Amino acid sequence: MSANDANFMLFSSINDCSYVSCYCEENVWKLCEQVKKTHPAELSKCYAVFVSNERRTVPLWRQKAGRGDEKLVIWDYHVFFMHNPSPNRCLVFDMDTTLPFPTYFHKYVTETFRSDYAVTPEHHRFFRVIPAEKYLAEFSSDRRHMRRPDGSWIKPPPSYAPIQTTTNTHSLDDFICMKPGKGPGSVYDLLHFVQQFYKPPDRNITKTQN
């Protein structure tokens, strides 16, 4: 089965993926690692996507940690995985959403981020999109952001060793930062993020002459 097959999926089930609550950046790194091992030809079509803003207050709907019927939560940042195998096919794999795993890009964005008109300007979401291969090579975290001042854990960390590079022990803040020109990948606002990855099929029908 090839990536062009409508039934092709990078991951057979969410239960087969590494997951630790509140460590979304590492969960996505592990998804990238899994693709590199199992479907290396697809890695160039995959991305890690960080969502945040200057105030680090981003509203997301349909999150498992959210409240109410709409499952709304305010995060300082969030990270999800995207597979964009063709111009008209983009899938989002978010291990923290109540939506299916995966969900088509347009449905995910509509349900999760809605519109900038639905939130105040200080809550507008920005997106840092990093190619999966670059993410695997440059991301590192010593998990300091998950420790209290006394050194205890806010949430239990993954059982595996912290993700490190040969040159950096903690680059997480560079990925969360949404200033264009700083940090890896490309930064988009919601509108341009959608325009970049949502390419609806051309529904124009060419009429033939009798």
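Residues numbered from 1 in each chain as written. Predicted model: local features only at pLDDT ≥ 70, side-chain atom pairs only at ≥ 80, totals over all residues. Heavy atoms only, no water.

Participant: Tell me what's going on with the UniProt feature "domain: Protein N-terminal glutamine amidohydrolase alpha beta roll" (unreviewed entry) in the protein, and back it up with residues and numbers.
Facilitator: On the UniProt side, "domain: Protein N-terminal glutamine amidohydrolase alpha beta roll" (unreviewed entry) is annotated at positions that read residues 19-197 here. Regarding residues 19-197, the helix share stands at 25% and the strand share at 22%, and the terminal C-alpha atoms are separated by 26 Å. (UniProt positions renumbered as here; feature names shortened; annotations may be inferred. Helix = DSSP H or I, 4+ residues; strand = E, 2+ residues; numbered from the N terminus.)

Participant: Tell me about the state of the cysteines, residues and numbers included.
Facilitator: One pass over the full model with this rule turns up zero disulfides. The thiol of Cys22 is not disulfide-bonded; the next cysteine sulfur, from Cys24, is found 8.2 Å away. A relative accessible area of 30% means that Cys22 is categorised as partly exposed. (Disulfide = S-S within 2.5 Å. Buried < 20%, exposed > 50% of the residue type's maximum accessible area, 1.4 Å probe, protein only.)

Participant: Which residues make up the packing of aromatic side chains, and what are the values?
Facilitator: All told, the structure shown has 22 aromatic pairs when counted by the stated rule. Taking 6.4 Å as the distance between ring centres and 80° as the angle between the ring planes, the aromatic pair formed by Tyr188 and Phe197 counts as edge-to-face. When its relative accessible area of 17% is taken as the criterion, Tyr188 is described as buried. Overall, Phe197 belongs to the buried group, its relative accessible area being 5%. Here a set of aromatic residues connected by ring pairs shows up, and it is made of Tyr47, Phe80, Phe105, Tyr108, Phe113, Phe127, Tyr188, Phe193 and Phe197. (Phe/Tyr/Trp six-rings, centres within 6.5 Å; stacked < 30°, edge-to-face > 60°.)

Participant: Quick rundown of the pairing of strand S7 (residues 126-131)? Include the residues and the values.
Facilitator: Summarising the sheet, strand S1 (residues 46-52) and S7 pair through six bridges and their orientation is antiparallel. Residue pairing in the sheet places Val49 in a bridge with Val129 of S7. Inspection of the sheet shows S7 paired to strand S8 (residues 186-189) by four bridges, in the antiparallel sense. Opposite Phe126, over in S8, you have Asp189 as the bridge partner. (Pairing = 2+ DSSP bridges.)

Participant: Can you tell me about the sheet that holds S1, naming the residues and giving the values?
Facilitator: What the six strands build is an open sheet, ordered S6-S5-S4-S1-S7-S8; its pairing is antiparallel. Both outer strands of the open sheet, strand S6 (103-104) and S8, are each paired with one neighbouring strand and no more. Running at roughly 115° to S8, helix H5 (residues 190-197) makes contact with S1, strand S4 (78-86), strand S5 (89-93), S7 and S8 of the sheet. (Contact = heavy atoms within 4.5 Å. Axes fitted to C-alpha atoms, helices over the stretch in contact; angles between N-to-C directions.)

Participant: Run through helix H2 (residues 105-113), naming residues and quoting values.
Facilitator: Listing the buried residues of H2 in full gives Phe105, Tyr108, Val109, Thr112 and Phe113. Projected down its long axis, H2 carries its buried residues within an arc of 95°, all on one side. (Arc of directions from axis to C-beta.)

Participant: Summarise the environment of Ser12; cite the residues concerned and give the values.
Facilitator: Mapping Ser12 onto the fold places it in the segment before helix H1 (24-38). For Ser12, a relative accessible area of 70% translates into the label exposed. Distance from Ser12 to Arg147, taken between C-alpha atoms, is 33 Å for residues 135 residues apart in sequence. Polar side-chain contacts of Ser12 include one of 2.6 Å to the side chain of Asp16. (Polar contact = N/O pair within 3.5 Å; in protein donor to acceptor, adjacent residues only side chain to side chain.)

Participant: Before we move on, can you summarise unusual backbone geometry with the specific residues and values?
Facilitator: Residues other than glycine predominantly adopt negative phi, and peptide bonds predominantly adopt the trans conformation. Backbone torsion omega between Phe101 and Pro102 reads 5°, so that peptide bond is classified as cis. Residue position: Pro102 is located in the loop between S5 and S6. Its identity is not glycine, yet Cys22 carries a phi of approximately 75°, on the positive side. Topologically, Cys22 is positioned in the segment before H1. Within the chain, Arg114 stands out as a residue other than glycine whose phi angle is a positive 55°. Along the chain, the position of Arg114 falls in the loop between H2 and S7. Note on Arg114: relative accessible area 30%, which makes it partly exposed.

Participant: Any chance you could break down the pattern of salt bridges for me, citing the residues and the numbers?
Facilitator: Using the criterion set out here, one finds 10 salt bridges in the structure. In this structure, Lys134 engages Glu138 in a salt bridge whose closest nitrogen and oxygen atoms are separated by 2.9 Å. With Lys134 and Glu138 both in helix H3 (residues 132-138) and four residues apart, the pair spans about one turn of that helix. A single salt-bridge network, built from bridges that share partners, covers Arg62, Lys107 and Glu111. (Salt bridge = Lys/Arg side-chain N within 4 Å of Asp/Glu carboxyl O.)

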